[in-house]
Amino acid sequence: DLDKPGSWVVVARGGRGGRGNSIYASYHGPLPDANIMLQRARSVPGEVSFLELELKLIADLGLVGYPNAGKSSLLAAMSRASPEIAPYPFTTLHPLVGTIDYRDGMKILAADVPGLIEGASEGRGRGHDFLRHLERTKALMYIVDAAGTDGRDPRDDLQVLVNELSAYGD
């Protein structure tokens, strides 16, 4: 996990490059024997690796809530981000990051994470895909629909979200 500045890992070792003819381009003496030239010109191939790398979202603030709770609307109001906002669930399919600029010059990165549903920590829906983006946020802001327009109790929604995040971390 490369999570600190300056962290590194070797995934494949490089080979040795051949010398080619350019080394003799301005050579004024007698050329070495052809076998010696071939020996020096041979390259050694390096290792080959095929990797799948995952960049975990790094933000100061993660906006967590059910679908259609208003996370994207809040991010659009607080930052210059322009998320897609629509009256149907799962409008946000990928995390969106916005920068919140304060008058004193301070900046905060806020991440709008796609909506979570009950059972997300167990992989229901795309729960693990969405929850993993929250691993690298410094703080979480729970967004609940206080009006209960989807027929759910906001207190129950908050408890479910807290439980899902706790269960995912275990």
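Everything below is about the structure shown above.
Residues numbered from 1 in each chain as written. Predicted model: local features only at pLDDT ≥ 70, side-chain atom pairs only at ≥ 80, totals over all residues. Heavy atoms only, no water.

## Focus: the overall build of the protein
Put simply, the rule is: The helix count covers DSSP runs of H or I at least four residues long, the strand count covers runs of E at least two residues long, and both are numbered beginning at the N terminus. Partly exposed residues are those whose accessible area sits between 20% and 50% of the maximum for their type, while under 20% is buried and over 50% is exposed, using a 1.4 Å probe and protein chains only. In this description, contact between two residues means that some pair of their heavy atoms is separated by no more than 4.5 Å. The protein chains shown are the only cover counted for residues, whose accessible areas, like all others here, come from Shrake-Rupley with a 1.4 Å probe.
Each helix and strand in the protein was counted, giving four helices and four strands. Going from N to C terminus, the protein has its helices and strands arranged as α-β-α-β-β-α-β-α. Across the 170 residues that make up the protein, the buried fraction comes to 28%. Sequence separation of 24 or more characterises 55% of the internal contacts of the protein that already satisfy a separation of 6 or more. As displayed, the protein offers around 11,800 Å² of accessible surface, 53% of which is attributable to carbon and sulfur atoms.

## Examining the side chain of S72
Formally: Identification of polar contacts relies on pairs of N or O atoms within 3.5 Å, with a donor-acceptor requirement for protein atoms, meaning one able to donate a hydrogen and the other able to accept it, and with residues adjacent in sequence counted only if both atoms are side-chain atoms.
When you line up the elements, S72 lands in helix α2 (residues 71-78). For S72, the side chain forms a polar contact with the side chain of D112, separated by 2.5 Å.

## Re the pattern of salt bridges
Operational definition: Whenever a carboxyl oxygen of Asp or Glu lies within 4 Å of a side-chain nitrogen of Lys or Arg, that contact is scored as a salt bridge.
Tallied over the full model, the rule gives three salt bridges. The residue D60 makes a salt bridge to K138 at a minimum N-O spacing of 3.2 Å. Of this pair, D60 sits in strand β1 (residues 59-65) while K138 sits in strand β4 (residues 137-143); the two residues are 78 residues apart in sequence, bridging distant segments of the chain. On the accessibility criterion, K138 (71% relative accessible area) is exposed. As a salt-bridge pair, R152 and D157 come within 3.0 Å of each other at their nearest N and O atoms. Look at R152 and you get partly exposed, because its relative accessible area is 29%.

## Focus: the sheet that holds β4
Strand pairing within a sheet occurs via backbone hydrogen bonds; the two strands may be parallel or antiparallel. Short version of the rule: When DSSP finds two or more bridges between a pair of strands, those strands are recorded as paired. Axes, fitted as lines to C-alpha atoms, cover a helix only where it is in contact. Angles between the N-to-C directions of the axes lie from 0 to 180 degrees.
Read from one edge to the other, the open sheet built from four strands follows the order β2-β3-β1-β4, with strand pairing classed as mixed. Strands with a single pairing partner mark the edges of an open sheet, and in this sheet they are β2 (96-101) and β4. Strand after strand, the sheet turns through a mean of 30° between neighbouring axes, direction not considered. Two strands pair when backbone bridges link them, and β1 and strand β3 (residues 107-112) are joined in this way by three bridges, in the parallel orientation. Paired with L61 across the strands is A110, a residue of β3.

## What to know about α2
To be explicit about the condition: The directions considered for the arc run from the helix axis to the C-beta atoms.
What α2 keeps buried is the set K71, S72 and L75. When α2 is viewed along its axis, its buried side chains cluster within an angular range of 95° and face the same direction. On its buried side, α2 packs onto β1, β2, β3 and β4.

## A look at the packing of aromatic side chains
Under the convention used in this document: Side-chain rings of Phe, Tyr and Trp, where Trp is taken by its six-membered ring, are said to pair if the distance between their centres is within 6.5 Å; with planes under 30 degrees apart they count as stacked, over 60 as edge-to-face, and otherwise as tilted. Our definition puts a charge over a ring when NZ of Lys or CZ of Arg is within 6 Å of the ring centre and also within 35 degrees of the ring normal.
Counted according to the given criterion, the structure contains zero aromatic pairs. Note that R152 overlies the ring of Y66, its terminal NZ or CZ placed 4.0 Å from the centroid.

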